[in-house]
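# Observations on the model geometry
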Amino acid sequence: MKLIKKIAIITLLLVIYIYVCYISFFPSNYIIMQGETLKINTLLGTSLVQKEGKALRTIQTASNLNNTKVEQVGKIDFSLSLFHLLKVKDVSVNVIPKTSVVPIGGAIGMKLYTDGVLVVGMSEIEGKRPYDNTGIQEGDRIIQINENSISNTTELMQEVNASKGNKIYIKYIHEEETITTSMKPVKSGEEGYKLGLWVRDAAAGVGTLTFYEPSTGMFATLGHGILDVDTSDLIKIANGELVTTNILNIQKGEKGRPGEIRGTIESGYTLGRITKNTAFGVYGILDTPSYLSITSKDAIEVATREEIKTGPAEIICELENGKRKHYRIEIQKVFTGNNEDNKSMLLKVTDEELLEKTGGIIQGMSGAPIVQEGKFIGAVTHVLVNDPTAGYGVFADIMLKQMRQVNE
């Protein structure tokens, strides 16, 4: 009997834990496109209740997933309730209007400046490790020393040298948590004082400019984020620049060895401002669309994921300076329900000219816009290492939603 009670208590605690986790991780905000199907998964015993002034109307229960296409633009407020008795969370769905964008496909350069300085390594100074017991790790960002904000490596060095070896107080960010610690810099010969931390305040990369939205002046590129080469973490940026790039050569891809578009951004002309680096692309404001010969008359409608079909499509990319071309591909699979990553659809290059030049999808082609039946449906994001003719693309609606989050 005691064993049964223990099992019952453990089961009850496990169920409570599952519900607490579910409610904690349930998003408070959703963004969907006009005409997109509303799909919000609920757990047994939970329901979404739409707010209509003081009245509430149940629109979804655990057993009935709402598959209604939402056409009305604006904000819809819901309450997440438990067993129709207890309100546990407010949920907002923002319906963004259908829009048209100009798919570009041109090679582009990016300069990113970090929010604070990024710790990318550690080393002993004169046999000492001043960073011991501070909690600072690779991937953390130092944002302040002795009440003074730090935005680049020069400012960090100035503050450290000004300490003359006395204790300094450091504020840094570790996994979204802001922490304050202290450290005593170590004298390093004639080089001044050091902390034993290798830091970086900027990064750069080359990719493909995906699209420009004339109605907002915003751009999107890559379809994935820029990661730090040392930590492999998404770089948290303060700002950045979109610049022109000069293609130097193309390294053809082979099985087991991805190819690459090699370019330089030295002396690149600044085209716009980067505002955010996300897991689904890099976004910002394009200040000089005329420099890229972009006009609103070239805009096409953004497709919802339900409109994407398996079958023929095209990608646009630049393999020679100043020459953007359309190349044939095949959409092999569409993962309509995927919102977790940027592998929304499986692609295969079928264009003989592109296969001859690149072997398929290569590094630097990330962000190449995908067009199907006259609509923008997404962007190239990945290549399959063992088959460079195939890769993945991200849905257009995901990129657009990320851009809206940047803009708001």
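Scroll up for the structure.
To start, this report covers the structure provided alongside it. The structure displayed is predicted, hence computed values, not measured ones.

### Some remarks on helix H2 (residues 153–162)
One side-chain oxygen at the N-terminal end of H2 lies 3.2 Å from the backbone nitrogen of threonine 154; it belongs to asparagine 152. Directly beyond the C-terminal end of H2, a positive phi value near 55° is found at lysine 164.

### Observations concerning the pattern of salt bridges
Side-chain pairs of opposite charge can arise where the charged atoms are in close proximity. A full pass over the atoms with the stated rule returns 21 salt bridges. For lysine 87, the salt bridge goes to aspartate 90, with nearest N and O atoms at 3.1 Å. Looking at aspartate 90, the relative accessible area reads 39%, which means it is partly exposed. For arginine 141, the salt bridge is made with aspartate 115, and the minimal N-O distance between the two is 3.4 Å. Highlighted residues: arginine 141 in strand S8 (residues 141–145) and aspartate 115 in strand S7 (residues 107–122), separated in sequence by 26 residues. Take arginine 141: its relative accessible area is 8%, and that puts it in the buried class. We classify aspartate 115 as partly exposed; its relative accessible area is 36%.

### Thoughts on helix H1 (residues 2–25)
With 24 residues, H1 ought to run about 34 Å at 1.5 Å a step, and its terminal C-alpha atoms sit 35 Å apart, in line with that. All buried positions along H1 are accounted for by Tyr19, Tyr22 and Ile23.

### Remarks on a nonpolar patch on the surface
A surface patch of nonpolar side chains, about 480 Å² in accessible area, is lined by Ile9, Leu12, Leu13, Ile16 and Val20. Position of isoleucine 9 relative to the elements: it lies in helix H1.

### Looking at unusual backbone geometry
With a phi angle near 55°, lysine 164 is a residue other than glycine that sits in the positive phi range. Secondary-structure assignment places lysine 164 in the loop between H2 and strand S10 (168–174). Overall, lysine 164 belongs to the exposed group, its relative accessible area being 58%. Positioned with a positive phi, serine 293 is a non-glycine residue whose angle comes to about 60°. When you line up the elements, serine 293 lands in the loop between strand S20 (281–286) and strand S21 (300–301). Judged by its relative accessible area of 56%, serine 293 falls in the exposed class.

### Considering the environment of asparagine 321
Mapped onto the secondary structure, asparagine 321 falls in the loop between strand S22 (311–320) and strand S23 (323–334). On the basis of relative accessibility, which here comes to 39%, the residue asparagine 321 falls in the partly exposed class. Considering only alpha carbons, one finds asparagine 321 and isoleucine 23, 298 residues apart in sequence, at a separation of 51 Å. Separated by 2.8 Å, the side chain of asparagine 321 and the backbone nitrogen of isoleucine 247 make a polar contact.

### Some words on the packing of aromatic side chains
Enumeration over the complete set of coordinates arrives at two aromatic pairs. Here tyrosine 269 and tyrosine 291 contribute two aromatic rings whose centre-to-centre distance is 4.3 Å and whose plane-to-plane angle is 15°, an arrangement assigned as stacked. Note that tyrosine 269 is positioned in the loop between strand S18 (260–264) and strand S19 (270–278) and tyrosine 291 in the loop between S20 and S21, a separation of 22 residues in sequence. The partly exposed category is assigned to tyrosine 269, whose relative accessible area is 38%. A residue is classified by how much of its surface remains accessible, and tyrosine 291, at 47% relative accessible area, is partly exposed. It is lysine 187 that lies over the ring of tyrosine 193; its NZ or CZ is 5.8 Å from the centre.

### Structural notes on the side chain of threonine 304
Inspection of the secondary structure puts threonine 304 in the loop between S21 and S22. Once you skip the residues sitting within four places of it in the chain, threonine 304 turns out to touch Met33, Gln34, Gly35 and Glu36.

### As for the sheet that holds strand S24 (residues 345–349)
Strand order in the closed barrel formed by six strands is S22-S23-S24-S27-S26-S25, with antiparallel pairing between adjacent strands. Going across the sheet, the axis of each strand differs from the next one's by a mean of 45°, ignoring polarity. Pairing of strand S25 (residues 369–372) with strand S26 (residues 375–384) involves four bridges; the strand directions are antiparallel. Bridged to proline 369 within S26 is alanine 379.

Thresholds applied
- Residues numbered from 1 in each chain as written.
- Predicted model: local features only at pLDDT ≥ 70, side-chain atom pairs only at ≥ 80, totals over all residues.
- Heavy atoms only, no water.
- Polar contact = N/O pair within 3.5 Å; in protein donor to acceptor, adjacent residues only side chain to side chain.
- Helix = DSSP H or I, 4+ residues; strand = E, 2+ residues; numbered from the N terminus.
- Salt bridge = Lys/Arg side-chain N within 4 Å of Asp/Glu carboxyl O.
- Buried < 20%, exposed > 50% of the residue type's maximum accessible area, 1.4 Å probe, protein only.
- Expected span 1.5 Å × (residues − 1).
- Patch = residues over 30% accessible without salt bridge, like charges linked within 9 Å, V, L, I, M, F, W, Y side chains within 5 Å.
- Areas by Shrake-Rupley, 256 points an atom, 1.4 Å probe, with all protein chains shown as cover.
- Phe/Tyr/Trp six-rings, centres within 6.5 Å; stacked < 30°, edge-to-face > 60°.
- Lys NZ or Arg CZ within 6 Å of the ring centre and 35° of its normal.
- Contact = heavy atoms within 4.5 Å.
- Pairing = 2+ DSSP bridges.
- Axes fitted to C-alpha atoms, helices over the stretch in contact; angles between N-to-C directions.

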